[in-house]
Amino acid sequence: MSEKLFKTRRQWQNVRVVAMSAPFLLSAAAGIGFTFGQIRLIIGTAGLLAVAVLVAIVRDRQRPAQYRITDTSLELSRGKLSERIQAGDILDASMMERVVCREYVRRKVQKRNREQGMSTRESVSEFMRFCTIDVGLRSYTFGLGRLFVDRMESSRHDLILLRAKNGSEYLLSPDRNQEMMEQLSRLKRRQERAASEQGQL
């Protein structure tokens, strides 16, 4: 089998939420501002929206990663980070929706903080080190923006949770998630067949 290379996706979900809400907020601010002669309200709202756009871009524009599946392993790389997982060390992989993924990560982070004394930032970074999609662990809009993003069609099954036999877990955000799941399944089947044939010798 020739190796398969998957790149990470960018969905710009936070930017889309800000862009969709901006006209309504500006219209409301303009109506109130002109009615009561408060031009500063309009200027202030425009300034806040500009800051919101910048924050959304920062959260959505993550350093890209690559996932390479060879005949014997899965290779993950992102900037200076890289890791190779042998086929026999993969426990399982499953596609996850953004909402389910967020709650899963929260539970795992709390468990690691309690049992291993890791900080929340360290635990989250470990999960997200090869993922480029913001799953909404933090919200600057009291959950309103997160609610809109969760309802987007692009938020469904856009993540892969891969678990290794040594207890490590990886959130992955491939551009072709269904195809990558199929390739991971084939990788595991080949490894199982090879282990079975070796055991029969």
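Residues numbered from 1 in each chain as written. Predicted model: local features only at pLDDT ≥ 70, side-chain atom pairs only at ≥ 80, totals over all residues. Heavy atoms only, no water.

## Thoughts on the side chain of Thr 8
Inference 1: With respect to the helices and strands, Thr 8 occurs in the loop between strand S1 (4-7) and helix H1 (13-36).
Inference 2: A polar contact is formed between the side chain of Thr 8 and the backbone nitrogen of Ala 65, at a distance of 3.0 Å.
Inference 3: Ignoring sequence-local partners within four residues, the contact set of Thr 8 consists of Pro 64, Ala 65, Tyr 67, Phe 130, Thr 132, Ser 173, Pro 174 and Asp 175. (Helix = DSSP H or I, 4+ residues; strand = E, 2+ residues; numbered from the N terminus. Polar contact = N/O pair within 3.5 Å; in protein donor to acceptor, adjacent residues only side chain to side chain. Contact = heavy atoms within 4.5 Å.)

## Re the pairing of strand S3 (residues 73-78)
Inference 1: By the bridge criterion, four bridges tie strand S2 (residues 66-69) to S3 in an arrangement that is antiparallel. Within the sheet, the bridge partner assigned to Gln 66 lies in S3 and is Ser 77.
Inference 2: Taken together, S2 and the strand that follows it, S3, pair antiparallel across an intervening segment of three residues.
Inference 3: Bridge count between S3 and strand S4 (residues 81-86): six bridges; the pairing is antiparallel. Residue Leu 74 lies in a different strand from S4, and its bridge partner there is Ile 85.
Inference 4: Counting the residues that bridge the hairpin from S3 to S4 gives two residues, and of these Gly 79 lies at a positive phi of roughly 60°. (Pairing = 2+ DSSP bridges.)

## Things to note about the environment of Ala 28
Inference 1: Counting through the fold element by element, Ala 28 comes out in helix H1.
Inference 2: Counting along the chain gives 14 residues from Ala 28 to Ile 42, while the straight-line C-alpha distance between them is 8.9 Å.

## Brief notes about the nonpolar core
Inference 1: Counting residues in each nonpolar core, the largest one holds 19 residues, and the members touching the most others are Tyr 67, Leu 74, Leu 76, Leu 162, Tyr 170, Leu 172 and Met 180.
Inference 2: Secondary-structure elements contributing two or more residues to this core are S2, S3, strand S6 (159-164), strand S7 (169-172) and helix H6 (177-200).
Inference 3: For this core, the leading source of residues is H6, giving four residues.
Inference 4: Beyond its immediate sequence surroundings of up to four residues, Leu 76 is in contact with Gln 66, Tyr 67, Leu 81, Ser 82, Glu 83, Ile 85, Phe 130, Tyr 170 and Leu 172.
Inference 5: Among the nonpolar cores identified, the runner-up in size contains 13 residues, and Cys 101, Val 105, Val 135 and Leu 159 belong to it. (Core = buried A, V, L, I, M, F, W, Y, C linked by side-chain atoms within 4.5 Å. Buried < 20%, exposed > 50% of the residue type's maximum accessible area, 1.4 Å probe, protein only.)

## Comments concerning the sheet that holds strand S5 (residues 90-96)
Inference 1: Taken together, the three strands give an open sheet; going across it, the order is S5-S6-S7, and neighbouring strands pair in antiparallel fashion. Two strands close off the open sheet at either side, each with one partner strand: S5 and S7. Ignoring which end each strand starts from, the neighbouring axes of this sheet average 20° apart.
Inference 2: Pairing of S6 with S7, which is carried by four bridges, proceeds in the antiparallel orientation. Paired with Ile 160 across the bridge in S7 is Leu 172.
Inference 3: This element, helix H3 (residues 98-116), spans S5, S6 and S7 of the sheet and lies at about 150° to S7. (Axes fitted to C-alpha atoms, helices over the stretch in contact; angles between N-to-C directions.)

## Comments concerning the sheet that holds S3
Inference 1: Within the open sheet, the four strands sit side by side as S1-S2-S3-S4. Their pairing is antiparallel. In the strand order of this sheet, the two ends are held by S1 and S4, each with one partner. When strand polarity is set aside, the average angle formed by the axes of neighbouring strands in this sheet is 15°.

## Quick notes on helix H4 (residues 120-128)
Inference 1: Restricting attention to buried positions, one finds in H4 the residues Ser 123, Phe 127 and Met 128. Seen end-on, H4 carries its buried residues on one side only, within an arc spanning 120°.
Inference 2: Where the residues of H4 are buried, they touch S3, H3 and S7. (Arc of directions from axis to C-beta.)

## Some words on the environment of Gln 178
Inference 1: Relative to the helices and strands, Gln 178 resides in helix H6.
Inference 2: Take Gln 178: its relative accessible area is 44%, and that puts it in the partly exposed class.
Inference 3: Along the chain, Gln 178 and Met 95 lie 83 residues apart, while their C-alpha atoms are 8.3 Å from each other.

## Notes on the state of the cysteines
Inference 1: Inspection of the entire model under this criterion finds zero disulfides.
Inference 2: With no disulfide of its own, Cys 101 lies closest to Cys 131 among cysteine sulfurs, the gap being 6.8 Å.
Inference 3: Taking relative accessible area as the criterion, Cys 131 reaches 3% and is therefore assigned buried. (Disulfide = S-S within 2.5 Å.)

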